[in-house]
Amino acid sequence: MRLVFLGPPGAGKGTQSARLVEKLGVPQLSTGDMLRAAVSAGSPIGLRAKAIMDAGQLVSDEVVVGIIDQRIDAPDCATGFILDGFPRTVAQAEALRVMLANKGLKLDAVIELAVDETMLVDRMRKRVEEALAAGKEVRADDNPESFKTRLETYRAQTAPVSAYFSELGKLVSIDGMMPIDEVTAAIDDALGL
Ligand code: ADP
C-alpha cells in the first residue's frame, strides 16, 4: 500500500505512521528524519539544510524530491511505503505525481490528520518537557519561535496540498484530536484494514 500522511507539525503523523508500518510491513519515509540524519552525518545536503530546518522553513523542493525519488526505488519499498512529511508543497505533490507515473505506481490514499493550532502548540511544549525529563535531545526546531514559523509555513505552503489531493479524490481527513487509539481505528477503518 502506498500512502501519504498530511497534517501540521505535532498532528501525530509519526505516531500513526509507525503503527501502520507494523500492520502493513512497509517502511515509513519521513523526509524530516532523513534530513535530520543528513544533518547529523554532516553530508552536503545536511550542511545546507540545517539552518533552514532550525528556523522552521522548508528545504528546497528539488532536494526533498530527489531524496524521495531515490528512496522509493529501494527494495524495501517494493510493496509500498508511507510518506510522512512529504509532499509539503503543491510543487512537491506534482513532482510526486509525475515520479510515480514514471515508475508505473499509484497512491492508494492520502490521510490528513486535522488538529487545531492551539492544541499543536501544547503538544510541542509537552514533547519538549518529556524529552528533557527523559534526558533526551530536544529537536532544534522545537522552540516557540521556530514552531510558530513551522505552523505559518504549514498554513501557507502545505495546507494547499490537502486541496490538491482532495480535488484528485484521494483525501481522507481524520480528526487528529481524538485519543491516539481512536485516531488509529479511524485510519484503519478508512483504509479497510
Ligand atoms: P514536523 O514535525 O514539523 O512535521 P518534520 O520532522 O517532518 O517536522 O520536518 C522537520 C523540518 O525538515 C521541516 O520544518 C523542514 O525544514 C524540513 N522538511 C521535512 N520535510 C520536508 C519537505 N518535504 N520539504 C521541505 N522541507 C522539509
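Residues numbered from 1 in each chain as written. Predicted model: local features only at pLDDT ≥ 70, side-chain atom pairs only at ≥ 80, totals over all residues. Heavy atoms only, no water.

1. Some details on unusual backbone geometry
At the junction of Phe 86 and Pro 87, the peptide bond is cis and its omega measures out at -5° in the coordinates. Position of Pro 87 among the secondary structure elements: in the loop between β3 (81-84) and α5 (90-103). (Helix = DSSP H or I, 4+ residues; strand = E, 2+ residues; numbered from the N terminus.)

2. So, the packing of helix α2 (residues 31-41) against helix α3 (residues 44-55)
It is at 7 Å that the axes of α2 and α3 come closest, and there the two elements cross at 115°. Taken as a pair, α2 and α3 cross one another with a handedness that is left-handed. When α2 is examined against α3, the residues Gly 32, Leu 35, Arg 36, Ala 38 and Val 39 are found in contact with a partner set consisting of Ile 45, Gly 46, Ala 49, Lys 50 and Met 53. For the contact of α2 with α3, the class distribution of residues is six nonpolar, two polar and two charged. (Axes fitted to C-alpha atoms, helices over the stretch in contact; angles between N-to-C directions. Left-handed = near helix turned anticlockwise from the far one by under 90°. Contact = heavy atoms within 4.5 Å. Nonpolar A, V, L, I, M, F, W, Y, C, P; charged D, E, K, R; others polar.)

3. Digging into the site of the ligand
Surveying the vicinity of the ligand reveals 18 residues, the closest of which are Thr 31, Arg 36, Gln 57, Gln 92 and Arg 150. The side chain of Gln 92 places a nitrogen or oxygen atom 2.9 Å from a nitrogen atom of the ligand. For the ligand, whose free accessible area comes to 550 Å², the fraction covered by protein is 96%. Of all the elements, α2 adds the most residues to the shell around the ligand, at four residues. When grouped by side-chain class, the residues that make up the shell around the ligand number seven nonpolar, five polar and six charged. (Near = heavy atom within 4 Å. Polar contact = N/O pair within 3.5 Å; in protein donor to acceptor, adjacent residues only side chain to side chain. Areas by Shrake-Rupley, 256 points an atom, 1.4 Å probe, with all protein chains shown as cover.)

4. Quick word on the pairing of strand β4 (residues 109-114)
In terms of burial, β4 is a largely internal element, five of the six residues being buried. Looking at chain direction, strand β1 (residues 2-6) and β4 are connected through four bridges and run parallel. Each bridged residue has a counterpart across the sheet, and for Leu 3 the counterpart in β4 is Ala 109. Judged from the five bridges that link them, β4 and strand β5 (residues 171-175) form a sheet pairing that is parallel. For Ala 114, the partnering residue across the bridge sits in β5 and is Asp 175. (Buried < 20%, exposed > 50% of the residue type's maximum accessible area, 1.4 Å probe, protein only. Pairing = 2+ DSSP bridges.)

5. Overview of the sheet that holds β5
If you trace the five strands from one edge of the open sheet to the other, you get β2-β3-β1-β4-β5, paired in parallel fashion. The open sheet has two edge strands, β2 (28-30) and β5, and neither has a second partner. Recorded for the sheet is a direction-independent mean angle of 25° between the axes of neighbouring strands. Contacts from α2 reach β2 and β3 within the one sheet, and its direction differs from that of β2 by about 60°. The strands touched by helix α8 (residues 180-191) within the sheet are β1, β4 and β5, with β5 carrying the most contacts at an inclination of about 160°.

6. Observations regarding the nonpolar core
Of all hydrophobic cores here, the largest spans 26 residues; its most connected members are Leu 35, Leu 83, Leu 96 and Phe 165. Counting residues per element, the ones that place at least two in this core are β1, α3, α4 (61-71), β3, α5 and α7 (144-167). Broken down by element, this core gets its largest block of residues, five residues, from α4. Residues within four places of Leu 83 in sequence aside, it is in contact with Leu 3, Val 4, Phe 5, Leu 29, Ile 68 and Leu 96. Counting 19 residues, the second largest nonpolar core, distinct from the first, contains Ala 11, Leu 20, Ala 109 and Met 124. (Core = buried A, V, L, I, M, F, W, Y, C linked by side-chain atoms within 4.5 Å.)

7. Topic: the packing of aromatic side chains
For the structure shown, the criterion picks out one aromatic pair. Between Tyr 164 and Phe 165, the aromatic rings sit 5.3 Å apart at their centres with planes inclined by 90°, giving edge-to-face as the arrangement. Each of the two residues, Tyr 164 as well as Phe 165, counts as buried. (Phe/Tyr/Trp six-rings, centres within 6.5 Å; stacked < 30°, edge-to-face > 60°.)

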